[in-house]
Amino acid sequence: MYRYDEFDETLVRERVAEFRGQVARRLSGELSEEAFKPLRLMNGLYLQLHAYMLRVAIPYGTLSSRQMRRLAHIASVYDKGYGHFTTRQNIQYNWPALIDVPDILDELADVEMHAIQTSGNCIRNITSDPFAGAIAGEIDDPRVWSELIRQWSSLHPEFSFLPRKFKIAVTASAEDRAAIKVHDIGLRIRKGADGERGFEVMVGGGLGRTPYIAETIREFLPERHLLSYLEAVMRIYNRLGRRDNKYKARVKILVAEDAAEFRRMVEDEWARSDKDSLDAPLDEIRRIRRHFTPPKFDRLAAESEAFDAARAARPEFDRWVKTNVLPHRQRGYAIVLISLKPIGKPPGDISARQMDAVADLAERYSFDEIRATHEQNLCLPHVRKDDLFAVWRTLDEAELATPNIGLVSDIIACPGLDYCDLANARSIPIAERIAERFADPEQAADIGELKVKISGCINACGHHHVGHIGILGVDKKGEEFYQIMLGGSGGADASLGVITGRGFSSSEIVDAVERLIRIYKANRVDGERFLDAYRRLGPETFKEALYGDAAHH
Amino acid sequence: MATLRITDEGSVVDSQPKGEEISLAQWREGARPEAGRFSLSIPNTEDIDGLAEIVARFDGVILEFPHFTDGRAYSQARTLRERLRFKGEVKARGAVLCDQALFMARAGFDALEIGDGDPAGFIRALAAYSVFYQPAADAAAPARVLRGAKREAA
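Residues numbered from 1 in each chain as written. Chains lettered and ligands numbered in written order. Predicted model: local features only at pLDDT ≥ 70, side-chain atom pairs only at ≥ 80, totals over all residues.

## Examining the overall build of chain B
Part 1 of the reasoning: On a plain count of helices and strands, chain B comes out with six helices and seven strands.
Part 2 of the reasoning: For chain B, the succession of helices and strands along the chain, N to C, is β-β-β-α-β-α-β-α-β-α-β-α-α.
Part 3 of the reasoning: The C-alpha atoms of chain B give a radius of gyration of 16 Å, which matches the 15 Å a tight globule of 154 residues would have.
Part 4 of the reasoning: Across its three principal directions, the C-alpha atoms of chain B cover 60 × 35 × 30 Å.
Part 5 of the reasoning: Out of the 154 residues belonging to chain B, those deemed buried represent 39%. (Helix = DSSP H or I, 4+ residues; strand = E, 2+ residues; numbered from the N terminus. Rg over C-alpha atoms; globule rule 2.2 N^0.38 Å. Buried ≥ 20, exposed ≤ 12 C-beta atoms within 10 Å, placed from the backbone.)

## A closer look at the overall build of chain A
Part 1 of the reasoning: Tallying secondary structure elements over chain A gives 19 helices and 21 strands in all.
Part 2 of the reasoning: Expected size for 553 residues packed as a compact globule is a radius of gyration near 24 Å; at 23 Å, chain A falls within 12% of this value.
Part 3 of the reasoning: Counting only C-alpha atoms and orienting by the principal axes, one finds that chain A spans roughly 65 × 60 × 60 Å.
Part 4 of the reasoning: Across chain A, contacts joining residues at least 24 apart in sequence account for 67% of those joining residues at least 6 apart. (Contact = placed C-beta atoms within 7 Å.)

## Overview of the interface of chain A and chain B
Many analyses report the size of an interface as the accessible area lost when the parts associate.
Part 1 of the reasoning: Contacts between the two partners involve 31 residues from chain A, matched on the other side by 26 residues from chain B.
Part 2 of the reasoning: Put simply, the parts of the chain that give the side of chain A that touches chain B at least two residues each are helix 1 (6–27), helix 2 (33–41), helix 5 (142–153), helix 6 (226–240), helix 9 (275–278) and helix 10 (282–290) of chain A.
Part 3 of the reasoning: In terms of residues, the side of chain A that touches chain B owes the most to one element, helix 1 of chain A, which gives five residues.
Part 4 of the reasoning: Partitioned by chemical class, the residues of the side of chain A that touches chain B number twelve nonpolar, eight polar and eleven charged. (Nonpolar A, V, L, I, M, F, W, Y, C, P; charged D, E, K, R; others polar.)

## Things to note about the pairing of strand 4 (residues 82–85) of chain A
Residues and elements named next belong to chain A.
Part 1 of the reasoning: With three bridges connecting them, strand 4 and strand 13 (residues 349–351) associate as antiparallel partners. For His-84, the partnering residue across the bridge sits in strand 13 and is Asp-349.
Part 2 of the reasoning: Sheet topology places strand 4 next to strand 5 (residues 91–93); two bridges connect them, and they run antiparallel. In the sheet register, His-84 faces strand 5, and the bridge partner there is Gln-92.
Part 3 of the reasoning: The loop that links strand 4 with its antiparallel partner strand 5 comprises five residues; one of these, Gln-89, has a positive phi angle of about 65°. (Pairing = 2+ DSSP bridges.)

## Quick look at the sheet that holds strand 15 (residues 378–384) of chain A
Residue and element names in this part refer to chain A.
Part 1 of the reasoning: Strand order across the open sheet formed by five strands is 3-14-15-12-11, with antiparallel pairing between neighbours. Two strands close off the open sheet at either side, each with one partner strand: strand 3 (62–64) and strand 11 (325–327). On average, each strand axis in the sheet is inclined to that of its neighbour by 30°, with strand direction left out of account.
Part 2 of the reasoning: With two bridges joining them, strand 14 (residues 369–372) and strand 15 adopt antiparallel strand pairing. (Axes fitted to C-alpha atoms, helices over the stretch in contact; angles between N-to-C directions.)

## Remarks on the nonpolar core
Part 1 of the reasoning: Grouped together as the largest cluster of nonpolar side chains are 199 residues, with contacts concentrated most on Val-233, Val-336, Ile-338, Val-358 and Leu-516 of chain A together with Leu-112 of chain B.
Part 2 of the reasoning: For this core, the leading source of residues is helix 6 of chain A, giving nine residues.
Part 3 of the reasoning: If we ignore the near neighbours within four places in the chain, the residues touching Val-233 of chain A are Ile-185, Val-203 and Val-266 of chain A. (Core = buried A, V, L, I, M, F, W, Y, C linked by C-beta atoms within 7 Å.)

## Quick notes on the sheet that holds strand 3 (residues 20–23) of chain B
All names here are of chain B.
Part 1 of the reasoning: With mixed pairing, the seven strands of this open sheet are ordered in space as 2-1-7-6-5-4-3. The sheet is open, and its two borders are formed by strand 2 (10–14) and strand 3, each paired with just one other strand. Across the sheet, the mean angle separating the axes of adjacent strands is 25° when strand polarity is ignored.
Part 2 of the reasoning: Where strand 4 (residues 38–42) lies against strand 5 (residues 60–65), four bridges are found, and the strand directions are parallel. Residue Ser-41 lies in a different strand from strand 5, and its bridge partner there is Ile-62.
Part 3 of the reasoning: Docked against the sheet, helix 3 (residues 72–83) engages strand 4, strand 5 and strand 6 (89–94), running at close to 160° with respect to strand 5.

## Examining helix 17 (residues 509–523) of chain A
All names here are of chain A.
Part 1 of the reasoning: Relative to the 21 Å expected for 15 residues at 1.5 Å per residue, helix 17 spans 22 Å between its end C-alpha atoms, a close match to the ideal helical length.
Part 2 of the reasoning: Inspection of helix 17 places Ile-509, Ala-512, Val-513, Leu-516, Ile-517, Ile-519 and Tyr-520 among the buried residues, and these make up the whole buried set. End-on, the buried residues of helix 17 take up no more than an arc of 160°, which puts them together on one face. Across from the buried face of helix 17, at angles greater than 90 degrees, the exposed residues are Asp-511, Arg-518 and Ala-522. (Expected span 1.5 Å × (residues − 1). Arc of directions from axis to C-beta.)

## Things to note about the packing of helix 10 of chain A against helix 6 (residues 143–153) of chain B
Part 1 of the reasoning: The N-to-C vectors of helix 10 of chain A and helix 6 of chain B enclose an angle of 85°; their axes lie 10 Å apart at closest approach. When the interaxial angle is binned, helix 10 of chain A and helix 6 of chain B end up roughly perpendicular. Contact with helix 10 of chain A, carried on its side by Asp-283, Glu-284 and Arg-287 of chain A, involves Arg-144, Arg-147 and Gly-148 of chain B of helix 6 of chain B and no other residues of that element.
Part 2 of the reasoning: In terms of residue class, the contact of helix 10 of chain A with helix 6 of chain B is built from no nonpolar, one polar and five charged. (Parallel < 35°, antiparallel > 145°, perpendicular 65-115°, else oblique.)

## Let's talk about the domain arrangement of chain A
All names here are of chain A.
Part 1 of the reasoning: By domain assignment, chain A separates into domain 1 (6–110), domain 2 (134–290), domain 3 (305–397) and domain 4 (412–552).
Part 2 of the reasoning: Using C-alpha coordinates to define each centre, domain 1 is positioned 28 Å away from domain 3.
Part 3 of the reasoning: Contacts between the two partners involve 21 residues from domain 1, matched on the other side by 20 residues from domain 3.
Part 4 of the reasoning: Elements represented by at least two residues in the side of domain 1 that touches domain 3 include exactly strand 3, helix 3 (65–78) and strand 4.
Part 5 of the reasoning: The greatest single-element share of the side of domain 1 that touches domain 3, amounting to seven residues, is contributed by helix 3.
Part 6 of the reasoning: Its residues placed into classes, the side of domain 1 that touches domain 3 shows eight nonpolar, eleven polar and two charged. (Domains from an automatic or database assignment.)

## Structural notes on the environment of Ile-123 of chain B
Part 1 of the reasoning: Here Ile-123 of chain B is to be found in helix 5 (residues 119–126).
Part 2 of the reasoning: For Ile-123 of chain B and Glu-9 of chain B, which are 114 residues apart along the polypeptide, the C-alpha to C-alpha distance reads 12 Å.

## A few points about helix 3 of chain A
Residue and element names in this part refer to chain A.
Part 1 of the reasoning: For helix 3, built from 14 residues, the straight-helix expectation of 20 Å at 1.5 Å per residue is met to within 8% by its first-to-last C-alpha distance of 20 Å.
Part 2 of the reasoning: Buried within helix 3 we find Ser-65, Gln-67, Met-68, Arg-69, Arg-70, Leu-71, Ala-72, Ile-74 and Ala-75.
Part 3 of the reasoning: Contacts made by the buried residues of helix 3 are with strand 3, strand 4, strand 5, helix 4 (101–110), helix 13 (352–365) and strand 14.

## Concerning the confidence of the model for chain B
Part 1 of the reasoning: The predicted model of chain B has a mean per-residue pLDDT of 95, with 100% of residues at 70 or higher.
Part 2 of the reasoning: For this predicted complex, the interface confidence reaches an ipTM of 0.97, while the overall pTM sits at 0.96. (pLDDT = per-residue confidence, 0-100.)

## So, the pairing of strand 17 (residues 452–455) of chain A
All names here are of chain A.
Part 1 of the reasoning: Here strand 17 shows a buried face lined by Val-452 and Ile-454 and a second buried face lined by Lys-453 and Ser-455.
Part 2 of the reasoning: In this sheet, strand 17 lies alongside strand 16 (residues 412–413) in parallel orientation, the contact comprising two bridges. If you follow Ile-412 over to strand 17, its bridge partner there is Lys-453.
Part 3 of the reasoning: The pairing of strand 17 with strand 18 (residues 469–476) spans four bridges and is parallel. Among the inter-strand pairings, Ile-454 is bridged to a residue of strand 18, identified as Ile-471.

Shown next, in the form of structure tokens:
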């Protein structure tokens, strides 16, 4: 993991001091809420329906157990005993008092954390593959480059007042676990023709009101030029991104208007830039890389007798292994996913006690490492197969062993009308009721991989456009209604879902989802996922299931 | 208009205009700097790269922040300093608030029209940070350079 040196530490401390001064000016009345708003928004502090919300950055989703314990401590002392993991690998606290926020930031700085640029029209927290360094098939460790970008983008003097927020994601595998094609910039680490390492640069993806899949503007960028190229993209966007309409201000609009022209301008800007000054020196990249040397894995047999015996003896352990455990690149190890989607609870929520339990497990069994995933779950990246049963038992005791990763109840949902003043409809109760409908683990396993994503308004924080089943809350004459979209994917085969037709009321929506699943099960060919079946069969079959019997109602 | 001038020796406020102003629109209508000191004011929608020969004839450039959330002039200032190597004064006008002063200084501004803003607040804000992660148009060495220097010293 990356550890701060004196420079990182000083910068974060100076940021806390600056924000403490700004909060004091607000509390004394020197700053109005209107004047304070842009300042707090530079530091992850939102004013929501009921209270302030503080979003804490978890750079590329990596946490140590010490950091997780501190997050638990903050939840206990300054909030209502829980936190909420987001779709951008961050954590949010929903009830902090303004006067406490500088102290919370000091507590975070003690463990090398901050809330810098978790909101505002700037470059947001960098996201990446939660399995970095653990999964087979990576061309490089994406965390090295994510950290380089984190530092470069922090308090950037030119790019802190962009037309709109800006999100960058990095991955290094063929399989995309960071949804890079729906980011403002997606970077895929790849090999060039001569074996040289570099990036495919994708720009202009995004969800929200007008979703787009990103365009590749450069097939191959040598890795040493990453920062100068990012500067060129950002400068073109800062200069030409629309500022007259916040719904047309994201870079995706600029790219969608004329991708070839956007590419030409970026290349032209880059050709004229002072790369020697802008690009990071090789020794700095090497310095960062040293923080991500692989842990000292034991030399183990590929199979574990204790593990196999436990699976045979305990069906509920076996079921959890099937859904929540993935192959590791190191022999004898596994990647463990911790579901934050217990049946009938808000997706992504975790109590302070549970955070402490995860921290203890990471310390004892996973080289002190924890990851947050963009699907609002947690991950222990490096667990010995021999230890899986012990890990499962502890997770089970902490109510963290829901065996539903990738299944119908592993739902992404935005906070919705329960918390958010932008929302048109509630999201969390819909997620809870769908999960309850398919609570039977045998039934859920039989349905197989199915990504349900729910947003409470068209801003799409619940990523409904890239759900296999996407659900969008809308307001219809003061009543909450839910539209269904089908066929979306945020993976390497990224696609945007297509709306099916009229929306469903809150009391109809769960039945509608069940009808979709029933028609999938009736038509699937062996082993075919819901998404594959949808792509093969086309929308009509599914629309018929949703609306075909409407005449009878 | 009270202007904070940022120099290597510190920052000072004065209200004296430094010479005459010509807007880019006036230039395009034929106005030219003659005897004395002249500054060119440029709207934030202009591509600075295309103005190299014009700005070279001025002692100063004035860039605009119609609202503090409109950050286009940061890119203009860096382009002026880093690409066009403009050595005259680069002044920020409009929504110039102390909370953005350091970003402005790093982007290459050395004069800020602070209006009735508190100069002490600006001077404090300019000194709020001692560490910077990225190279910009100011003289500050970014952390990655200082790290390298420290390694070599060790």
